[in-house]
Amino acid sequence: MTNGLAPLSADSRSALAARAVRRALPSGPAWRAFATGLIVALSLVLIWAVAVALVQRAGRDAAEKARAQAEVGAAALEQFMLRTIEGIEATFAFVEMRRVLEAAGDRPAADLIASHLADIAATNRLGLVQIADIDTNATLRWSSASAFPRADFFDRQAFLAHLGGTRGLLVGVPQIEPISRRWSVQFSRRMEDSNGRFLGIAVMSLDPVALSRDLAEMMPRPNDVMFVVRRDGTYVARSRATLRALAEEVALAAPLPGSGAAGSAPLILSATQPDQRERFTSFRMMGGTPLVVGTGIDAAEALAPVRDFARLAVVTALLTSALVVLLALYARRRHERLHAKTEVQEARLAERAAGAARAEIEALLAGLPVAVYRARIRRGRGMEVTYASAGMATLPDAGKAKPEEDDARREFVARLLSGRDAVVEYPVTRADGSTVWLRDAARVVLNTEDGCEVVGYRADITAERRLAARATEAAKLATLGEMATGLAHELNQPITAMSLGADNAADALEAEGSRGIPEALETLRSVAGQAARAQTIIDHLRVFGRRDAGPLGAIEVRSAVDGAVVLAGAALRTAGIEVMRNIPNGLPPVQGQLVLIEQVLVNLCLNARDAMLKQPEGQRRLIFAARRAPAGDRVLLAVRDTGGGMPEDVVGRVFEPFFTTKPVGQGTGLGLAICHGIMAAQGGAIRVANVDHGAEFTLEFAIAERDAPAADSGLRDAPAQEATHVA
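Residues numbered from 1 in each chain as written. Predicted model: local features only at pLDDT ≥ 70, side-chain atom pairs only at ≥ 80, totals over all residues. Heavy atoms only, no water.

**Let's talk about the overall build of the chain**
Then, number 1: The helix and strand inventory of the chain stands at 16 helices and 25 strands.
Then, number 2: Counting only residues that meet the buried cut, the chain has 39% of its 727 residues in that class.
Then, number 3: Counted over contacts in the chain with a minimum sequence separation of 6, partners at least 24 positions apart contribute 61%.
Then, number 4: Of the roughly 39500 Å² of accessible surface on the chain, 57% is carried by carbon and sulfur atoms. (Helix = DSSP H or I, 4+ residues; strand = E, 2+ residues; numbered from the N terminus. Buried < 20%, exposed > 50% of the residue type's maximum accessible area, 1.4 Å probe, protein only. Contact = heavy atoms within 4.5 Å. Areas by Shrake-Rupley, 256 points an atom, 1.4 Å probe, with all protein chains shown as cover.)

Here it is, written out as structure tokens:
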């Protein structure tokens, strides 16, 4: 016995094994190129990382050196200004002593001190250009100048601060003095007598230009700066400052405390006014004064050696990177030459293995019970098969399908064009006149601009269809057999009524002659109605027993429900079940086959009857309710009973073949499975759920197209049953 597959040769097996090994291990040209590129990339990253690290290290060293220089300069400037402030404080003591001696009447001693103070101002010792004594009314009491007017003291803010009790040293902003017409910065202090009574203030006018020159001599490099500022940010002096710059306000780059002990602020790199050059700056807070001193080392000059080193590092890294790349290219070229023969041999082995694999796949497809194909679908051009397995030759040509199946084929193609999987079943006539049923199932694998490409299979399902038809026919006959007793009783009633009516009409004519004709006519009309009732039942049985359900057509839901109630009515009445119908007018026709829909409904009626037999009489109700689905393209028909519902583990299995909850011998388990298949074949669906006091089966129908032909019921005209409540 063979499985239809050709055995592989030894070379093919070796080639497949070699390919499997190569796929499992990271080898081959692509891997070698990747590995070489990775090594080169890592080398370049390492080279540039070292270069960047060296440059950053040099930058940090240069920055630390500049910061250290800034700290040394700030400390030296702090000492210089402390000595200046000490001299100014001593001069304040002389002014206050002169005021005390003058108040005590010792005029010679007071004049001697005044002469000494005038000499200090005249010789610009400590950078002072004028010394003054301001009275309690803010007027100039005495000045080191030889002649001075009795003018008001111009720094009103300082005077008011001392008058308010400020005893510490105050420093003004650089201004032009009204007396000397020179730039000066006024240092002032409160004067008191022994009782603490306010006597005025002593004012020292410092030359900021001279102080700026002194700062410039302490900082030899032209772009480095030293400066003295008040804590509010106003310059007092700045190395190489112009007169205009002395009065400019500047916001310090680092936050400075308004008061506190002396100390150094954090080192910062910032742009310093007025030239806006970046500098490494160190600040010193001068305790007991409102002054801050600072030194700024020019960042460009401090980091100039780092830039030269960075250029050298970049050149070195570029040369090293180029050398690494050249070595990698050389190694790669040499490796390719060494492995050229191996690559050719592997390619030949792979080609042989691919041929063997294709042959094996063809043999496998030839042994399948279906034909596999690949096709291209273009909009407006239909389906073109581009590949088909050998089994396609054994199947009849699908182009010979019956004309009525063209719509199904068009829907099959349209569904694939929309990107969804599709399945279609259709009959094809052979050359000998026999009919074969085929099934096409396909899936989209590629979408194109004008359509798509699909893969699928085609199978002969004639035997499957015959088995399904036999199962449906057996279920139908079983249903008829189950309803036989009830239908016999249903037919016996109109026949008995007709017999009694005929006897009554004959008796009336015999007894009364011509006077009994009206009564006989009325009785005969009743007999005719009973005959129509019997004929309706017989017609439904005849249609229900058809072997061929006919093509799909437009079906009225009301007609299908009425037919099912006619067939199952006797069984329902015998069980004491009340039937209620809620089918609104105006429902659109649905797509289906009347006989098969009635078979589904009759099966549901009989199942509901069996489920409700355990309920007490008066609580057995079967309800039909139809409505249009919210989406608008479907019609829903609910069949609900009051049988108490089903266990949850049963709900999920009711449509499985051969699954039943009835005792052995009372059910095959095929009824609901066949109902499920019938609904799916008509483009619908069926589902079940437990509701209040029972189970509800919901049938879902597709709405028939407007031009769809009406399904032939095969029934004679009979009075329409419009009642919504039938007992």
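**So, helix H16 (residues 671-681)**
Then, number 1: Of the positions making up H16, those classed as buried are Leu-672, Ala-673, Ile-674, Cys-675, Ile-678 and Met-679.
Then, number 2: Downstream of H16 by a residue or two, Gly-683 has a phi angle that is positive, lying close to 80 degrees.

**Examining the confidence of the model for the chain**
Then, number 1: Per-residue pLDDT for the chain has a mean of 76; in total, 72% of the residues score no lower than 70.
Then, number 2: Long-range and interchain partners of residues 1-8, a stretch whose pLDDT sits below 50, account for nine contacts in this model, where long-range means more than four residues apart.
Then, number 3: Low pLDDT (under 50) marks residues 713-727, which in the prediction has 26 contacts with non-local residues, meaning those over four places away or in another chain. (pLDDT = per-residue confidence, 0-100.)

**Some points on helix H5 (residues 208-218)**
Then, number 1: Residues of H5 that are buried: Pro-208, Ala-210, Leu-211, Ser-212, Leu-215 and Ala-216.
Then, number 2: The residue sitting at the N-terminus of H5 and contributing the capping side-chain oxygen is Asp-207; that oxygen lies 3.1 Å from the backbone nitrogen of Val-209. (Polar contact = N/O pair within 3.5 Å; in protein donor to acceptor, adjacent residues only side chain to side chain.)

**Re the packing of helix H14 (residues 594-612) against H16**
Then, number 1: Across the interface, H14 lies against H16 with an axial gap of 10 Å and an inter-helix angle of 150 degrees. Taken together, H14 and H16 sit at an angle that is classed as roughly antiparallel. In the crossing of H14 with H16, the sense of the turn from one axis to the other is left-handed. Residues Leu-596, Gln-599, Val-600, Asn-603, Leu-604 and Asn-607 of H14 form the contact with H16, whose own contacting residues are Gly-671, Leu-672, Ile-674, Cys-675 and Ile-678.
Then, number 2: Each residue belonging to the contact of H14 with H16 can be placed in one class, and the counts come to seven nonpolar, four polar and no charged. (Axes fitted to C-alpha atoms, helices over the stretch in contact; angles between N-to-C directions. Parallel < 35°, antiparallel > 145°, perpendicular 65-115°, else oblique. Left-handed = near helix turned anticlockwise from the far one by under 90°. Nonpolar A, V, L, I, M, F, W, Y, C, P; charged D, E, K, R; others polar.)

**Structural notes on unusual backbone geometry**
Then, number 1: Positioned with a positive phi, Leu-126 is a non-glycine residue whose angle comes to about 65 degrees.
Then, number 2: Mapping Leu-126 onto the fold places it in the loop between helix H3 (107-122) and strand S1 (128-134).
Then, number 3: Taking the relative accessible area as the measure of exposure, Leu-126 reaches 36% and is therefore partly exposed.
Then, number 4: Non-glycine residue Ala-138 carries a positive phi angle of around 70 degrees.
Then, number 5: On the secondary structure map, Ala-138 appears in the loop between S1 and strand S2 (140-143).
Then, number 6: For Ala-138, a relative accessible area of 0% corresponds to the buried category.

**A few points about the packing of aromatic side chains**
Then, number 1: Counting across every chain of the model gives four aromatic pairs.
Then, number 2: Among the aromatic side chains, those forming a connected cluster through ring pairs are Phe-227, Tyr-235 and Phe-283.
Then, number 3: Sitting over the face of the ring of Tyr-373, Arg-458 holds its NZ or CZ atom 5.6 Å from the ring centroid. (Phe/Tyr/Trp six-rings, centres within 6.5 Å; stacked < 30°, edge-to-face > 60°. Lys NZ or Arg CZ within 6 Å of the ring centre and 35° of its normal.)

**A look at the pattern of salt bridges**
Then, number 1: The tally for this structure, following the rule as stated, stands at 28 salt bridges.
Then, number 2: With its nearest N and O atoms 3.7 Å apart, the salt bridge here joins Arg-141 to Asp-135.
Then, number 3: Linked through salt bridges whose partners overlap, the residues forming this network are Arg-98, Arg-99, Glu-102, Arg-107, Asp-111, Asp-133, Asp-135 and Arg-141. (Salt bridge = Lys/Arg side-chain N within 4 Å of Asp/Glu carboxyl O.)

**Points about the environment of Asp-111**
Then, number 1: With respect to the helices and strands, Asp-111 occurs in helix H3.
Then, number 2: Taking the C-alpha atoms as reference points, Asp-111 and Leu-101, separated by 10 residues in sequence, lie 9.2 Å from one another.

**Let's talk about the packing of helix H13 (residues 557-574) against H14**
Then, number 1: Two elements in contact, H13 and H14, have axes separated by 9 Å at closest approach and are oriented at 40 degrees. Every pair of crossing elements has a handedness; the one defined by H13 and H14 is right-handed. Side by side, H13 and H14 meet where Ser-559, Ala-560, Val-561, Gly-563, Ala-564, Leu-567, Ala-568, Ala-571 and Leu-572 of the first sit next to Leu-594, Ile-597, Glu-598, Leu-601, Val-602, Cys-605, Leu-606 and Arg-609 of the second.

**Section: a nonpolar patch on the surface**
Then, number 1: A contiguous nonpolar patch, built from Leu-46, Val-50, Leu-54, Phe-309 and Leu-312 and spanning about 460 Å² of accessible area, is present on the exposed surface.
Then, number 2: At three residues, helix H2 (residues 29-104) tops the list of elements feeding residues into the nonpolar patch.
Then, number 3: By the element assignment, Leu-54 lies in helix H2.
Then, number 4: Leu-54 gets classed as partly exposed once you look at its relative accessible area, which sits at 45%. (Patch = residues over 30% accessible without salt bridge, like charges linked within 9 Å, V, L, I, M, F, W, Y side chains within 5 Å.)

**Some details on the side chain of Thr-295**
Then, number 1: Position of Thr-295 among the secondary structure elements: in strand S12 (residues 291-298).
Then, number 2: For Thr-295, a relative accessible area of 0% translates into the label buried.
Then, number 3: Only 3.0 Å separates the side chain of Thr-295 from the backbone nitrogen of Ala-74, close enough to count as a polar contact.

**Brief notes about the side chain of Arg-98**
Then, number 1: Checked against the element boundaries, Arg-98 lands in helix H2.
Then, number 2: Under the relative-accessibility criterion, Arg-98 is labelled buried at 3%.
Then, number 3: In this structure Arg-98 touches Ala-110, Ile-113, Ala-114, Asp-133, Arg-141 and Trp-142, once residues within four positions along its chain are discounted.

**Let's talk about the sheet that holds strand S16 (residues 435-448)**
Then, number 1: Read across the open sheet, the five strands follow the order S14-S13-S17-S16-S15; overall the sheet is antiparallel. Each edge of the sheet is formed by a strand with only one pairing partner; in this case those strands are strand S14 (382-388) and strand S15 (422-429). On average, each strand axis in the sheet is inclined to that of its neighbour by 35 degrees, with strand direction left out of account.
Then, number 2: Sheet analysis places strand S13 (residues 371-378) next to strand S17 (residues 451-460), joined by eight bridges and oriented antiparallel. Each residue of the ladder has a partner; that of Arg-378, found in S17, is Gly-451. (Pairing = 2+ DSSP bridges.)

**Description of the pairing of S17**
Then, number 1: Counting buried residues along S17, seven of its 10 residues qualify, which places the element largely inside the surrounding structure.
Then, number 2: As judged from the 10 bridges shared by S16 and S17, these two strands associate in the antiparallel manner. Directly across from Thr-448, in S17, lies its bridge partner Gly-451.
Then, number 3: Where S16 folds back onto S17 in an antiparallel hairpin, the turn is made up of two residues.

**A look at the nonpolar core**
Then, number 1: Formed by 46 residues in total, the largest nonpolar core has its most connected members in Val-561, Leu-601, Leu-622, Phe-624, Leu-637 and Leu-699.
Then, number 2: Mapped by element, the contributors of at least two residues to this core are H13, H14, strand S21 (621-628), strand S22 (634-641), helix H15 (648-651), H16, strand S23 (685-691) and strand S24 (694-702).
Then, number 3: If you tally residues by element for this core, the top one is H14, at 11 residues.
Then, number 4: Sequence-distant contacts of Leu-637, defined by excluding residues within four places in its chain, comprise Val-557, Val-561, Leu-601, Ala-625, Ala-626, Phe-697, Thr-698, Leu-699 and Phe-701.
Then, number 5: Core analysis: the second largest hydrophobic core is formed by 32 residues, Val-95, Phe-187, Leu-206 and Leu-211 among them. (Core = buried A, V, L, I, M, F, W, Y, C linked by side-chain atoms within 4.5 Å.)

**Some words on the environment of Val-228**
Then, number 1: Summarising the element assignment, Val-228 is placed in strand S7 (residues 225-230).
Then, number 2: Through-space distance from the C-alpha of Val-228 to that of Arg-238 is 6.4 Å; in sequence the pair is 10 residues apart.
Then, number 3: Excluding residues that lie within four positions of it along the chain, Val-228 makes contacts with Leu-77, Met-81, Leu-215, Thr-234, Tyr-235, Val-236, Ala-237, Leu-291, Val-292 and Val-293.

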